[in-house]
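A look at the structure
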Amino acid sequence: LKIRLRWTGIALSDRQHCSIFGLWATALSVTNTTRFDLPVGLQSQLTTMSEELNDDFDVAESGVSNVYPAQCSSLRKNGYVVIKSRPCKIVEMSTSKTGKHGHAKVHLVGIDLFSGKKYEDICPSTHNMDVPVVKRADYQLVDISADNFLSLMLESGDIREDIKIPDGDLGSEIRQKFDAGEDILCTVLCAMGSEMVIATKPNSNK
(Lines give C-alpha, C1' and ligand atoms only; values in the text may rest on other atoms or scores of the structure.)
Protein backbone atom coordinates (compact mmCIF):
# COMPACT_ATOMS: atom_id res chain seq x y z
CA LEU A 1 0.00 0.00 0.00
CA LYS A 2 1.44 3.37 -1.02
CA ILE A 3 0.20 6.97 -0.76
CA ARG A 4 1.31 9.70 -3.14
CA LEU A 5 1.87 13.18 -1.67
CA ARG A 6 0.83 15.87 -4.17
CA TRP A 7 3.73 18.36 -3.90
CA THR A 8 6.68 16.00 -3.96
CA GLY A 9 5.38 12.83 -5.57
CA ILE A 10 7.04 10.92 -2.71
CA ALA A 11 5.50 7.50 -2.09
CA LEU A 12 5.38 6.25 1.50
CA SER A 13 4.71 2.70 2.64
CA ASP A 14 1.80 2.01 4.98
CA ARG A 15 4.29 1.38 7.79
CA GLN A 16 6.10 4.68 7.22
CA HIS A 17 3.20 7.00 6.51
CA CYS A 18 1.84 6.92 10.08
CA SER A 19 5.06 8.29 11.59
CA ILE A 20 6.05 10.60 8.75
CA PHE A 21 2.61 11.95 7.84
CA GLY A 22 2.46 14.10 10.98
CA LEU A 23 5.66 15.91 9.99
CA TRP A 24 4.50 16.57 6.45
CA ALA A 25 0.84 17.27 7.23
CA THR A 26 1.39 20.93 8.08
CA ALA A 27 3.05 21.60 4.74
CA LEU A 28 1.54 19.13 2.30
CA SER A 29 -1.96 18.44 1.05
CA VAL A 30 -2.83 14.80 0.65
CA THR A 31 -4.57 13.90 -2.57
CA ASN A 32 -7.23 11.26 -2.91
CA THR A 33 -5.35 9.85 -5.92
CA THR A 34 -3.22 6.88 -4.96
CA ARG A 35 -1.09 4.37 -6.83
CA PHE A 36 -3.28 1.59 -5.47
CA ASP A 37 -6.79 1.56 -4.06
CA LEU A 38 -6.95 2.53 -0.39
CA PRO A 39 -9.25 0.89 2.14
CA VAL A 40 -12.42 3.00 2.43
CA GLY A 41 -11.81 3.82 6.10
CA LEU A 42 -8.23 5.02 5.56
CA GLN A 43 -9.09 7.05 2.45
CA SER A 44 -11.99 8.75 4.31
CA GLN A 45 -9.69 9.57 7.24
CA LEU A 46 -7.04 11.08 4.97
CA THR A 47 -9.64 13.13 3.09
CA THR A 48 -10.99 14.54 6.36
CA MET A 49 -7.49 15.41 7.59
CA SER A 50 -6.70 17.12 4.28
CA GLU A 51 -9.89 19.23 4.45
CA GLU A 52 -9.14 20.25 8.04
CA LEU A 53 -5.62 21.28 7.07
CA ASN A 54 -6.91 23.35 4.15
CA ASP A 55 -9.40 25.05 6.47
CA ASP A 56 -6.57 25.92 8.87
CA PHE A 57 -4.49 27.36 6.04
CA ASP A 58 -7.42 29.48 4.82
CA VAL A 59 -7.99 30.94 8.29
CA ALA A 60 -4.33 31.77 8.70
CA GLU A 61 -4.04 33.34 5.28
CA SER A 62 -7.21 35.41 5.67
CA GLY A 63 -5.92 37.02 8.83
CA VAL A 64 -2.42 37.84 7.63
CA SER A 65 -3.28 41.10 5.91
CA ASN A 66 -5.66 42.39 8.59
CA VAL A 67 -3.30 43.04 11.51
CA TYR A 68 0.36 42.83 12.50
CA PRO A 69 2.03 42.75 15.95
CA ALA A 70 3.89 45.73 17.41
CA GLN A 71 5.46 46.26 20.83
CA CYS A 72 3.20 48.43 22.94
CA SER A 73 5.98 50.92 23.70
CA SER A 74 6.42 51.59 19.96
CA LEU A 75 2.83 52.78 19.48
CA ARG A 76 2.24 56.51 19.07
CA LYS A 77 -0.62 58.97 19.35
CA ASN A 78 -2.58 59.32 16.07
CA GLY A 79 -1.38 55.84 15.09
CA TYR A 80 -3.57 52.73 15.01
CA VAL A 81 -4.15 49.82 17.39
CA VAL A 82 -6.67 47.04 17.94
CA ILE A 83 -8.61 47.46 21.21
CA LYS A 84 -11.39 45.04 22.18
CA SER A 85 -11.09 43.46 18.70
CA ARG A 86 -11.84 46.80 17.00
CA PRO A 87 -9.54 48.94 14.80
CA CYS A 88 -8.92 52.23 16.60
CA LYS A 89 -7.03 55.47 16.17
CA ILE A 90 -4.95 56.29 19.25
CA VAL A 91 -6.04 59.63 20.74
CA GLU A 92 -4.37 59.36 24.16
CA MET A 93 -1.35 57.51 25.53
CA SER A 94 0.33 57.53 28.91
CA THR A 95 3.04 55.33 30.42
CA SER A 96 3.32 54.52 34.12
CA LYS A 97 6.70 54.32 35.83
CA THR A 98 8.32 50.91 36.16
CA GLY A 99 7.62 49.32 39.52
CA LYS A 100 10.01 47.26 41.60
CA HIS A 101 8.53 43.97 40.48
CA GLY A 102 7.05 44.63 37.09
CA HIS A 103 7.10 46.40 33.73
CA ALA A 104 5.93 49.86 32.88
CA LYS A 105 2.33 49.85 31.68
CA VAL A 106 0.87 51.82 28.80
CA HIS A 107 -2.64 53.23 29.01
CA LEU A 108 -4.23 53.56 25.57
CA VAL A 109 -7.38 55.41 24.55
CA GLY A 110 -8.64 54.80 21.03
CA ILE A 111 -11.57 55.82 18.84
CA ASP A 112 -13.16 53.15 16.64
CA LEU A 113 -12.41 53.99 13.01
CA PHE A 114 -15.94 53.11 11.92
CA SER A 115 -18.32 53.66 14.83
CA GLY A 116 -16.52 56.49 16.62
CA LYS A 117 -16.88 54.60 19.90
CA LYS A 118 -14.21 55.14 22.57
CA TYR A 119 -12.16 52.18 23.81
CA GLU A 120 -9.45 51.90 26.47
CA ASP A 121 -6.82 49.31 27.29
CA ILE A 122 -3.77 48.88 29.53
CA CYS A 123 -0.83 46.80 28.35
CA PRO A 124 2.73 46.16 29.64
CA SER A 125 5.12 48.24 27.53
CA THR A 126 7.14 45.19 26.46
CA HIS A 127 4.13 43.18 25.29
CA ASN A 128 2.84 43.08 21.73
CA MET A 129 -0.49 44.45 20.57
CA ASP A 130 -2.20 44.04 17.23
CA VAL A 131 -2.08 46.96 14.82
CA PRO A 132 -4.68 47.04 12.03
CA VAL A 133 -3.58 47.40 8.41
CA VAL A 134 -5.42 50.56 7.35
CA LYS A 135 -5.88 51.32 3.65
CA ARG A 136 -7.54 54.16 1.74
CA ALA A 137 -8.78 54.15 -1.84
CA ASP A 138 -10.54 56.75 -4.00
CA TYR A 139 -13.50 55.70 -6.16
CA GLN A 140 -15.56 57.78 -8.57
CA LEU A 141 -19.19 58.17 -7.51
CA VAL A 142 -21.48 56.99 -10.30
CA ASP A 143 -24.88 56.65 -8.65
CA ILE A 144 -26.80 56.36 -5.37
CA SER A 145 -29.45 53.65 -5.15
CA ALA A 146 -32.88 54.02 -3.61
CA ASP A 147 -31.71 51.98 -0.58
CA ASN A 148 -28.72 54.31 -0.06
CA PHE A 149 -25.95 52.15 -1.54
CA LEU A 150 -23.23 53.93 -3.50
CA SER A 151 -22.22 52.88 -6.99
CA LEU A 152 -18.46 53.40 -7.06
CA MET A 153 -16.21 52.97 -10.09
CA LEU A 154 -12.81 51.32 -9.66
CA GLU A 155 -9.75 52.19 -11.75
CA SER A 156 -10.43 49.06 -13.78
CA GLY A 157 -13.84 50.40 -14.75
CA ASP A 158 -15.70 47.83 -12.65
CA ILE A 159 -18.53 49.02 -10.42
CA ARG A 160 -18.94 48.08 -6.78
CA GLU A 161 -22.26 48.60 -4.99
CA ASP A 162 -21.61 47.20 -1.51
CA ILE A 163 -20.90 50.38 0.48
CA LYS A 164 -23.71 52.44 1.98
CA ILE A 165 -23.78 56.20 2.06
CA PRO A 166 -22.43 57.29 5.48
CA ASP A 167 -24.69 58.77 8.13
CA GLY A 168 -24.57 62.37 9.28
CA ASP A 169 -23.16 65.45 7.59
CA LEU A 170 -20.87 63.53 5.24
CA GLY A 171 -23.76 61.52 3.84
CA SER A 172 -25.78 64.69 3.30
CA GLU A 173 -22.78 66.31 1.58
CA ILE A 174 -22.36 63.36 -0.79
CA ARG A 175 -26.04 63.38 -1.74
CA GLN A 176 -26.08 67.17 -2.29
CA LYS A 177 -23.00 67.09 -4.52
CA PHE A 178 -24.37 64.15 -6.50
CA ASP A 179 -27.77 65.82 -6.98
CA ALA A 180 -25.97 68.98 -8.13
CA GLY A 181 -24.19 66.97 -10.83
CA GLU A 182 -20.72 67.35 -9.34
CA ASP A 183 -18.11 64.75 -10.36
CA ILE A 184 -16.58 63.58 -7.07
CA LEU A 185 -14.35 60.88 -5.67
CA CYS A 186 -15.27 59.07 -2.46
CA THR A 187 -12.39 58.13 -0.18
CA VAL A 188 -13.02 54.68 1.31
CA LEU A 189 -11.29 53.56 4.51
CA CYS A 190 -10.65 49.83 4.88
CA ALA A 191 -9.51 47.99 8.03
CA MET A 192 -10.09 44.49 9.40
CA GLY A 193 -12.75 43.63 6.84
CA SER A 194 -14.82 46.80 7.29
CA GLU A 195 -15.13 49.65 4.79
CA MET A 196 -16.65 53.12 4.98
CA VAL A 197 -16.57 56.39 3.04
CA ILE A 198 -14.74 58.98 5.15
CA ALA A 199 -14.33 61.93 2.75
CA THR A 200 -14.98 63.29 -0.73
CA LYS A 201 -12.98 65.41 -3.16
CA PRO A 202 -13.40 66.72 -6.71
CA ASN A 203 -12.50 64.27 -9.45
CA SER A 204 -9.39 65.67 -11.14
CA ASN A 205 -8.71 62.49 -13.13
CA LYS A 206 -10.66 63.52 -16.20
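Residues numbered from 1 in each chain as written. Predicted model: local features only at pLDDT ≥ 70, side-chain atom pairs only at ≥ 80, totals over all residues. Heavy atoms only, no water.

1. Some words on the pairing of strand S5 (residues 86–95)
In the sheet, strand S4 (residues 80–83) pairs with S5 via four bridges, with the strands oriented antiparallel. Along S5, the bridge assignment pairs Tyr80 with Lys89. Counted along the chain from S4 to the antiparallel partner S5, the turn is two residues long, and its residue Lys84 has a positive phi close to 55 degrees. Looking at chain direction, S5 and strand S6 (residues 105–112) are connected through seven bridges and run antiparallel. (Pairing = 2+ DSSP bridges. Helix = DSSP H or I, 4+ residues; strand = E, 2+ residues; numbered from the N terminus.)

2. Regarding the confidence of the model for the protein chain
On average, residues of the protein chain score 79 in pLDDT, and 67% of them reach the 70 mark or higher. Taking the mean pLDDT of every element in the protein chain, the minimum, 40, falls on helix H1 (residues 14–24) and the maximum, 98, on S4. Overall, residues 1–36 carries pLDDT values under 50, and its contacts beyond four positions in sequence, including any with other chains, amount to 54 contacts. In this model residues 53–63 is a low-confidence stretch, pLDDT under 50, and it forms five contacts with partners more than four residues away in sequence or in other chains. (pLDDT = per-residue confidence, 0-100. Contact = heavy atoms within 4.5 Å.)

3. Digging into the pattern of salt bridges
A complete count under the given rule lists five salt bridges for this structure. Note that Glu195 and Arg160 form a salt bridge whose closest N and O atoms lie 2.6 Å from each other. Remark: Arg160 occurs in strand S11 (residues 159–164) and Glu195 occurs in strand S13 (residues 194–202); sequence separation between them is 35 residues. What makes Arg160 buried here is its relative accessible area of 15%. Here Lys177 and Glu173 are joined by a salt bridge, their closest N and O atoms 2.8 Å apart. Of this pair, Lys177 and Glu173 are both found in helix H3 (residues 168–179), four residues apart, which corresponds to roughly one turn of the helix. (Salt bridge = Lys/Arg side-chain N within 4 Å of Asp/Glu carboxyl O. Buried < 20%, exposed > 50% of the residue type's maximum accessible area, 1.4 Å probe, protein only.)

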